[in-house]
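Structural description and commentary
Take a look at the letters that make up each chain.
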Amino acid sequence: MSATTAEIAAPTARGIDRARLIPGAAQALVGAYAVWAFGLGSRTAHGARAAVGMALNPNAPGALGMQRFPATPVAVAFSLICVACGVVRVFVPLSAVGRRWLTVGYVASFVIAFLVWASAGTSALGGVSLPGVLQNTLIVSVPLILGALCGIVCERSGIVNVAIEGQFLFGAFSSAMAASMSGSVWIGLIVGCLSGALLGSVLAVLAIRYHIEQVVLGVVLNVFALGLTTFLYNKVLSANAARYNQPPVFQSIRIPGLASIPVIGDVLFDQNVLFYATFVIVAVVQVGLFRTRWGLRTRAVGEHPRAADTVGVKVLGIRYRNVILAGLVSGFGGVWLTIGQVGSFTTNMSAGKGFIALAALIVGRWSPVGALGAALLFGFAGGLNNSLAPLGTPIPGQVLSMAPYLATVFVVASLGGIVRAPAAENQPYVKG
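Source: prediction; values computed, not measured. (Residues numbered from 1 in each chain as written. Predicted model: local features only at pLDDT ≥ 70, side-chain atom pairs only at ≥ 80, totals over all residues. Heavy atoms only, no water.)

**A short note on the confidence of the model for the protein**
For the protein, per-residue confidence averages 88 on the pLDDT scale, and residues scoring 70 or more make up 91% of the total. Contacts for the low-pLDDT stretch residues 1–16, under 50 throughout, to residues beyond four places or in other chains number one contact. (pLDDT = per-residue confidence, 0-100. Contact = heavy atoms within 4.5 Å.)

**A short note on the state of the cysteines**
Applying the stated criterion across every chain yields a total of zero disulfides. Free cysteine C82: the closest other cysteine sulfur is in C85, separated by 6.4 Å. The thiol of C150 is unpaired, and the distance to the nearest cysteine sulfur, on C154, comes to 4.4 Å. The class of C150 is buried, set by a relative accessible area of 0%. (Disulfide = S-S within 2.5 Å. Buried < 20%, exposed > 50% of the residue type's maximum accessible area, 1.4 Å probe, protein only.)

**Side note on the side chain of Q27**
Of note, Q27 is situated in helix α1 (residues 3–39). Apart from residues lying up to four places away in sequence, Q27 is in contact with C82, C85, G86, R89, T103 and Y106. (Helix = DSSP H or I, 4+ residues; strand = E, 2+ residues; numbered from the N terminus.)

**A short note on a nonpolar patch on the surface**
A cluster of nonpolar side chains, namely V87, V88, F91 and V92, defines an oily patch on the protein surface of about 340 Å² accessible area. Mapped onto the secondary structure, V87 falls in helix α2 (residues 71–91). For V87, a relative accessible area of 39% puts it in the partly exposed group. (Patch = residues over 30% accessible without salt bridge, like charges linked within 9 Å, V, L, I, M, F, W, Y side chains within 5 Å. Areas by Shrake-Rupley, 256 points an atom, 1.4 Å probe, with all protein chains shown as cover. Salt bridge = Lys/Arg side-chain N within 4 Å of Asp/Glu carboxyl O.)

**Notes on the side chain of T298**
Relative to the elements of secondary structure, T298 occurs in helix α11 (residues 293–303). A polar atom in the side chain of T298 sits 3.0 Å from the side chain of N322. Here T298 is in contact with V153, R156, S157, L289, I318 and N322, once residues within four sequence places are set aside. (Polar contact = N/O pair within 3.5 Å; in protein donor to acceptor, adjacent residues only side chain to side chain.)

**Quick look at the packing of aromatic side chains**
Scanning the entire structure with this criterion turns up eleven aromatic pairs. Here F38 and W117 contribute two aromatic rings whose centre-to-centre distance is 5.5 Å and whose plane-to-plane angle is 35 degrees, an arrangement assigned as tilted. With F38 in helix α1 and W117 in helix α3 (residues 96–119), the pair connects residues that are 79 residues apart, well separated along the chain. Here F38 matches W117 in class, with each residue buried. Summarising the aromatic geometry, the rings of F275 and Y276 are spaced 5.9 Å apart at their centres and angled 80 degrees between planes, so their arrangement reads as edge-to-face. We note that F275, like Y276, is buried. (Phe/Tyr/Trp six-rings, centres within 6.5 Å; stacked < 30°, edge-to-face > 60°.)

**Considering the environment of N222**
Positionally, N222 belongs in helix α7 (residues 214–237). Using a relative accessible area of 8% as the deciding quantity, one classes N222 as buried. Expressed as a C-alpha distance, the spacing of N222 and L296, which sit 74 residues apart in the sequence, is 30 Å. Sequence-distant contacts of N222, defined by excluding residues within four places in its chain, comprise V162, A163, I164, E165, G166 and F355.

**Some remarks on helix α4 (residues 130–156)**
Between its first and last C-alpha atoms α4 spans 36 Å; for 27 residues at 1.5 Å apiece the expected length is 39 Å, and the two agree. Maximal helix bending in α4 amounts to about 35 degrees, located at S141; proline P143 follows within four positions. The element α4 is extensively covered by neighbouring structure, given that 22 of its 27 residues are classed as buried. Residue S129 occupies the N-cap position of α4, its side-chain oxygen lying 3.1 Å from the main-chain nitrogen of G132. Backbone geometry just after α4 places G158 at a positive phi near 100 degrees. (Expected span 1.5 Å × (residues − 1). Bend = angle between axes of the 7 residues up to and from the residue.)

**Section: α7**
With 24 residues, α7 should reach 34 Å at 1.5 Å per residue; the first-to-last C-alpha distance of 32 Å fits that figure. Taken together, the buried residues of α7 touch α5 (164–182), α6 (185–209), α8 (241–244) and α14 (353–363).

**Quick notes on the nonpolar core**
Within the largest apolar cluster, 97 residues are counted, with the highest numbers of intra-cluster contacts made by F38, F114, F345, F378 and L388. With twelve residues, the single largest contributor to this core is α4. Look past the residues within four positions of F114 in its chain and what remains in contact with it is F38, F380, L384, L388 and I395. Grouped together as the second largest cluster of nonpolar side chains are six residues, A308, V313, V315 and Y429 included. (Core = buried A, V, L, I, M, F, W, Y, C linked by side-chain atoms within 4.5 Å.)

**Looking at unusual backbone geometry**
The phi angle of most residues is negative, glycine excepted, and most peptide bonds adopt the trans form. Notably, R365 is not glycine yet its phi reads approximately 55 degrees, a positive angle. As for its placement among the helices and strands, R365 is situated in the loop between α14 and α15 (368–382). Here R365 falls in the partly exposed class, since its relative accessible area comes to 43%. Positive phi, close to 60 degrees, is recorded for W366, a residue that is not glycine. Within the secondary structure layout, W366 lies in the loop between α14 and α15.

**Thoughts on the pattern of salt bridges**
As a working rule, side chains carrying opposite charge can pair if their charged atoms are close by. In this structure the tally under the stated criterion is four salt bridges. Salt-bridge contacts for D270 lead to R254; the nearest nitrogen and oxygen are separated by 3.4 Å. Residue D270 is located in strand β5 (residues 270–271), and its partner R254 is located in strand β4 (residues 253–254); the two are separated by 16 residues in the primary sequence. Linking E303 and R420 is a salt bridge whose minimum nitrogen-to-oxygen distance equals 3.4 Å. Remark: R420 occurs in the segment after α17 (397–414) and E303 occurs in helix α11; sequence separation between them is 117 residues. On the accessibility criterion, R420 (57% relative accessible area) is exposed. Each of R254, D266 and D270 takes part in one network of salt bridges that share partners.

As structure tokens, this is what we get:
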């Protein structure tokens, strides 16, 4: 190897070592903490037994009963798996697929160790319901998934969309009002999606045509959406809630056969159409971005817009279409918040979910499938309060409420400098 080649290879090797060391060491340290806190802590001491429910409705015919087992050895075993995953991440060179599966194993092991610790000694309280935890995770994750998909389509096109939070609010407000006035959830769905697209079109025009700084623009649109929906809620919805803020909601559609699968059947296959459509959209965007001409052009526009322009790709046209299309998806997320779940609109009901969705797309490396995994992780953190509040864990309720934000900060910080955004994002393009 020549001196020049060695000089080039040296920083590359150091970069690879750093990319292994930072996440691997973090995983090993968190795993070691889990051994001490979850496996050897006072909650699991003195032969405490964990109690885990395996059915949403334990009284249903054929439902699995409560499972009881010693808490300490199980929690220690899964915590040690977390430590092992971190060590492997540091010292063993793995392919992208290998790293992905190692991460899945790490997260699953940590979650199991945590749930065993949380359920230790709670038999009299009914233990922790595993299907209940999964359901809470999915309910919180749906808007995060949709917001992350919106951000991916925008940023792959070169436009940073910080206004996802505002698009959630627009979609939630308009869908609740439209469904209340019409009595139809489908009209509410259409109006909610179009409202998200409307705010997306404002973002597109101001960012693409007038070259306004995109991050600042997104923050301004969020403040505008929050102020407008709060004003209209106070003046219209709350003043006449019976007419404007009591919409019908989408009803669950039980899929025969699949809904009878133990543990996960009721959670995954007894949901409403918005839930099923969310995962269809994930698949469509994943295939579209990486297997179609539209996806190739979108990625080209987000990486090298001038090169794409020279081969005949209409850079500005693709950006306009994609940002508005992404607005439809985030508006769909707003619809989920009202007529998909709650059945009414309240001020600031998105509660930061748009920003967590942005974190999910970063953790997922601007890939729909990766963002899905990150959104589920943050959704699990967000659903902890509902899952663990009845068990009397020593974690204060305020900390449980902070869990999704703490998880977001920790995960994004641990990936700092490792992930790379599309090269042309937040860079206005001028033809010619």
